[in-house]
Amino acid sequence: MSLRDATIDRERRDLVTHQAMDESRLIRFVAGPDGMVAPDLGRKLPGRGMWVEASRASVDMAVKKNLFSRSAKTQLKPSADLADTVETLLIRRCLDQLGLARREGVLISGFEKSAAAIRSGKAAWLIEASDGAADGRGKMLSLARHQTTQVCGAFSADDLSLALGLENAIHAVLLAGGRADRWGQEASRLAGFRPLRPPEWDLPRGSSGGSGSDEDPGDEPRA
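Computed from a prediction, not measured in an experiment: that's the story for all the values here.

1. Notes on the sheet that holds strand E8 (residues 150-152)
The strand order E6-E9-E7-E8 describes an open sheet built from 4 strands, whose pairing is mixed. Each edge of the open sheet carries a strand with a single partner, namely strand E6 (107-109) and E8. Across the sheet, the mean angle from the axis of one strand to that of its neighbour is 20°, orientation sign disregarded. In terms of strand pairing, strand E7 (residues 123-128) meets E8 through 3 bridges, oriented parallel. In the sheet register, isoleucine 127 faces E8, and the bridge partner there is cysteine 152. Relative to E6, helix H4 (residues 82-104) is tilted by about 90°, and along the sheet it contacts E6, E7 and strand E9 (171-175). Seen against the sheet, helix H5 (residues 111-119) touches E6, E7 and E9 and runs at an angle of roughly 35° to E9.

Right under this line is the structure:
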């Protein structure tokens, strides 16, 4: 069963706000045998789930007030950096999904190929390296804006290159379909912990720099 199928029409109560939310907007936690609190992003670990909205503020509040102990009705020891742990796990899940998408043939990389996919209307997501050059990024963002393609700039060129098995991965496009839908759910949870679109991208030209190639021709596989 896919993450998307598992979350359709299912709601859980957020420990912090007590509001009922769709599971896709929440992070599941379970109590470990040592009394620690473990994130269960895949929703597969045994035990009674404790659900918190997928945001840094909510996880930090749950830790500060130790709402996990109240929910489990036993003393638990959530780590002070639990939100950082969740963010790291979400980053890994998002990058792993991009690697799967490339192997499935539904992720396109490189400036020209990515631009063509956006123009064709087949692109669900534009994935831009956060540290790519501003000129190339500006052209891609302009194309995405006109096609209402969603944009993610949460990962560095090194992150993307490693995940995709490419050299100098700066621009990539995730084609519309089931994989893009599943990836979008993971990305929306990550957005609660780090911005998907770096704030400096919206600064006036010349206010921020970038590294990397504008067009990264070829996106050569890593040796």
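Having seen it, we continue.
2. Points about the pattern of salt bridges
With the rule as written, the count across this model stands at 11 salt bridges. Measuring nitrogen to oxygen at the nearest pair gives 2.8 Å for the salt bridge that ties arginine 12 to glutamate 23. A residue pair is termed long-range when its members are at least 10 positions apart, and arginine 12 in strand E1 (residues 11-13) and glutamate 23 in the loop between strand E2 (20-22) and strand E3 (26-31) qualify at 11 residues. Among the ionic pairs, arginine 189 bridges to glutamate 186, the shortest N-O distance being 3.0 Å. Here arginine 189 pairs with glutamate 186, and both are found in helix H8 (residues 178-190), just 3 residues apart, close to one helical turn.

3. Some thoughts on the pairing of E7
Across a regular strand the side chains alternate sides, sitting on one face of the sheet and then on the other. Most of E7 sits inside the fold, with 6 of its 6 residues counted as buried. Note: E7 against E9, 5 bridges, orientation antiparallel. By the bridge assignment, glutamate 128 is partnered in E9 with histidine 171. Between the parallel elements E7 and E8, the chain passes through helix H6 (residues 134-147) in a crossover that is right-handed.

4. So, the side chain of arginine 43
Looking at the secondary structure, you find arginine 43 in the loop between strand E4 (37-39) and strand E5 (50-53). We note that arginine 43 is buried and unpaired, the nearest opposite charge coming from glutamate 23 at a distance of 4.3 Å. Of the polar contacts made by the side chain of arginine 43, one reaches the backbone oxygen of leucine 26; its length is 3.4 Å.

5. A closer look at the environment of serine 156
With respect to the helices and strands, the residue serine 156 is situated in the loop between E8 and helix H7 (157-164). Judged by relative accessible area, serine 156 falls into the buried class, the value being 18%. Remark: the alpha-carbon pair of serine 156 and alanine 169, spanning 13 residues in sequence, is separated by 9.0 Å. Those residues in contact with serine 156, other than ones at most four positions away along the chain, are Ala129, Ser130 and Asp131. Polar contacts involving the side chain of serine 156 include one to the main-chain amide nitrogen of aspartate 159, which spans 3.1 Å.

What counts, and where the lines are drawn
Residues numbered from 1 in each chain as written. Predicted model: local features only at pLDDT ≥ 70, side-chain atom pairs only at ≥ 80, totals over all residues. Heavy atoms only, no water. Pairing = 2+ DSSP bridges. Helix = DSSP H or I, 4+ residues; strand = E, 2+ residues; numbered from the N terminus. Axes fitted to C-alpha atoms, helices over the stretch in contact; angles between N-to-C directions. Contact = heavy atoms within 4.5 Å. Salt bridge = Lys/Arg side-chain N within 4 Å of Asp/Glu carboxyl O. Buried < 20%, exposed > 50% of the residue type's maximum accessible area, 1.4 Å probe, protein only. Right-handed = clockwise from strand over helix to strand, strands pointing away. Lys, Arg positive; Asp, Glu negative; His and termini not counted. Polar contact = N/O pair within 3.5 Å; in protein donor to acceptor, adjacent residues only side chain to side chain.

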